[in-house]
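# Fold and contact review
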Amino acid sequence: MKKALSKLPSGGPERQAVEAGEIDAVIDHGSAKVIAFPAAQRALRDAARRADTARQEAALDAPVANRVLAALPRTEYQQLLPGLEPVTLKFGEVIHEPGAPIRHVYFPIDCVVCLLARTKGQRSVETGLVGYEGVAGIALALGVAVSPIRTQVHVAGTALRMPAARFEVELRRCPQLQRELLRYACVKMAQARQTVACLTSHVFEQRLACWLLMTCDRSKSRELLLTQAYLANILHVRRVSVTLASGSLQARNLIRYSRGRIAIVSHKGLEAASCSCYSSIEALHVA
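Now for a quick tour of the structure. All residue numbers refer to position in the chain's written sequence, counted from 1. Predicted model: local features are reported for residues with pLDDT of at least 70 only, side-chain atom pairs are reported and counted for 80 or more only, and whole-chain, interface and lining totals are derived from all residues. With hydrogens and water stripped out, all remaining heavy atoms of the structure feed into the side-chain values.

## Examining the nonpolar core
In a soluble, globular protein the nonpolar side chains are often hidden away together inside. To keep it simple, the criterion reads: Only buried Ala, Val, Leu, Ile, Met, Phe, Trp, Tyr and Cys residues count toward a nonpolar core, and they belong to the same one when joined by side-chain atoms within 4.5 Å. Any residue under 20% of the maximum accessible area for its type is buried, any over 50% is exposed, and the rest in between are partly exposed; the area is computed with a 1.4 Å probe on protein chains only. Here a helix means four or more residues in a row that DSSP labels H or I, a strand means two or more in a row labelled E, and each is numbered from the N terminus. Here, residues are in contact when the closest pair of their heavy atoms is within 4.5 Å.
If you look at the biggest cluster of nonpolar residues, it comprises 37 residues, and the most contacted ones within it are Trp211, Leu212, Leu249, Ile262 and Leu270. Elements with a contribution of two residues or more to this core: strand S6 (112-118), helix H8 (204-219), helix H9 (228-234), helix H10 (239-251), strand S11 (255-258), strand S12 (261-264), helix H11 (267-273) and helix H12 (277-286). In terms of residues, this core owes the most to one element, H8, which gives nine residues. The contacts of Leu249, once residues within four sequence positions are left out, are Glu205, Leu208, Ala209, Leu254, Ile255, Leu270 and Ala273. Core analysis: the second largest hydrophobic core is formed by 36 residues, Leu80, Ala141, Ala159 and Ala185 among them.

## A short note on the sheet that holds strand S3 (residues 85-89)
Working definition: the strands of a sheet are paired by backbone hydrogen bonds and lie parallel or antiparallel to each other. Rules: Following DSSP output, two strands are said to pair if at least two bridges run between them. Orientation is described by lines fitted to C-alpha atoms, with helices fitted over the stretch in contact, and by angles between N-to-C directions that extend from 0 to 180 degrees.
Taken in spatial order, the three strands of this open sheet run S3-S9-S5, and their pairing is antiparallel. Each having just a single partner strand, S3 and strand S5 (104-108) make up the two edges of the open sheet. In this sheet, neighbouring strand axes are inclined to one another by 40 degrees on average, regardless of whether the strands run parallel or antiparallel. Bridging between S3 and strand S9 (residues 157-163) involves five bridges; their strand directions are antiparallel.

## Section: the packing of aromatic side chains
By convention here, two paired aromatic rings are described through the distance between centres and the angle between planes. Short version of the rule: Note on ring pairs: Phe, Tyr and Trp rings are taken, using the six-membered ring of Trp, and paired if centres are within 6.5 Å. Classes follow the plane angle, with under 30 degrees stacked, over 60 edge-to-face and the rest tilted. When the NZ atom of lysine or the CZ atom of arginine is within 6 Å of a ring's centre and also within 35 degrees of its normal, the charge is said to sit over that ring.
Scanning the model with the defined rule gives one aromatic pair in all. Against the face of Tyr132 rests Lys220, its NZ or CZ located 4.5 Å from the ring centre.

## Overview of the sheet that holds strand S10 (residues 223-225)
An order of S10-S12-S11 is seen for the three strands of this open sheet, with the pairing classed as antiparallel. Here the strands that pair on one side only, and so sit at the sheet edges, are S10 and S11. Adjacent strand axes in the sheet meet at a mean angle of 15 degrees when their direction is disregarded. As judged from the four bridges shared by S11 and S12, these two strands associate in the antiparallel manner. Directly across from Ser258, in S12, lies its bridge partner Arg261.

## Digging into the layout of surface pockets
What counts, and what does not: Put plainly, a pocket is an open set of points on a 1 Å grid over the protein atoms alone with protein on both sides within 12 Å along at least five of seven lines, a cavity is a set where a 1.4 Å probe fits but cannot get out, and a lining residue has an atom within 4 Å of a point. Grid points are joined across faces, edges and corners, and a volume is the space filled by probe spheres set on the points. Three residue categories are used. Nonpolar comprises Ala, Val, Leu, Ile, Met, Phe, Trp, Tyr, Cys and Pro, charged comprises Asp, Glu, Lys and Arg, and polar comprises the others, including Gly.
Of the pockets and cavities examined, the largest pocket occupies roughly 440 Å³. If you list the elements that add at least two residues to the lining of the largest pocket, you get S6, strand S7 (124-130) and helix H7 (175-201). Per element, the largest residue contribution to the lining of the largest pocket is six residues, and it comes from H7. Classifying every residue of the lining of the largest pocket gives 17 nonpolar, seven polar and one charged.

Structural data, given as structure tokens:
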């Protein structure tokens, strides 16, 4: 700064304006840099702090879209907020790999992630869904730092992400967060058991209806962008099975399915066409 000021003519209007505090910054044309004076630097820092405070207050006043976070007392949620980063997750994005360290925990807002277990032939089979009602990376809350499953996005959308190290600190500090996550872990285990029972007890058309309902509920939307090939892969059935089941549901005017776009026409009708696992699984989240 002294070097830039030394280039101003002594007694000239520019030097006088600087000395009178009428100029906040100067341009050093030699380095193409803008040099702010201390008072201007302080003003910029103060403005940034005020903006951060306003954003935090707005976030606290806004409804909390994730159910786990919404269940926390305001003081605990306020402690978590600086460590939560909004992210947009794309379809097909893998956020956790089996055997790899869990680097982030995700609190979905309007996206849905699929929990996938690998078979002997390296085929991935869906074992659970996580949407706004839960958290992806729950193993970290149970003291397991390595992911036991693959977590893949199958409905794009937004989530709040927290680094694993920060999450472990907050987990020790926030007792209500511990309770909510342990409760949710219990729900996911019960859901996995119900999924196994569903696979062995119900026809695929009922299972598909159930799965579509659970996915749409978690994405807060009546439309999904999923191809038949993708559904066949994660639900571990032949593609023709998806074609027949979706065709039957469409013929009954329960869904519309065209070019990878699925729309639920009648939620109640689709619920009646699904197996009892839908109501059983959804009841777990409100118990």
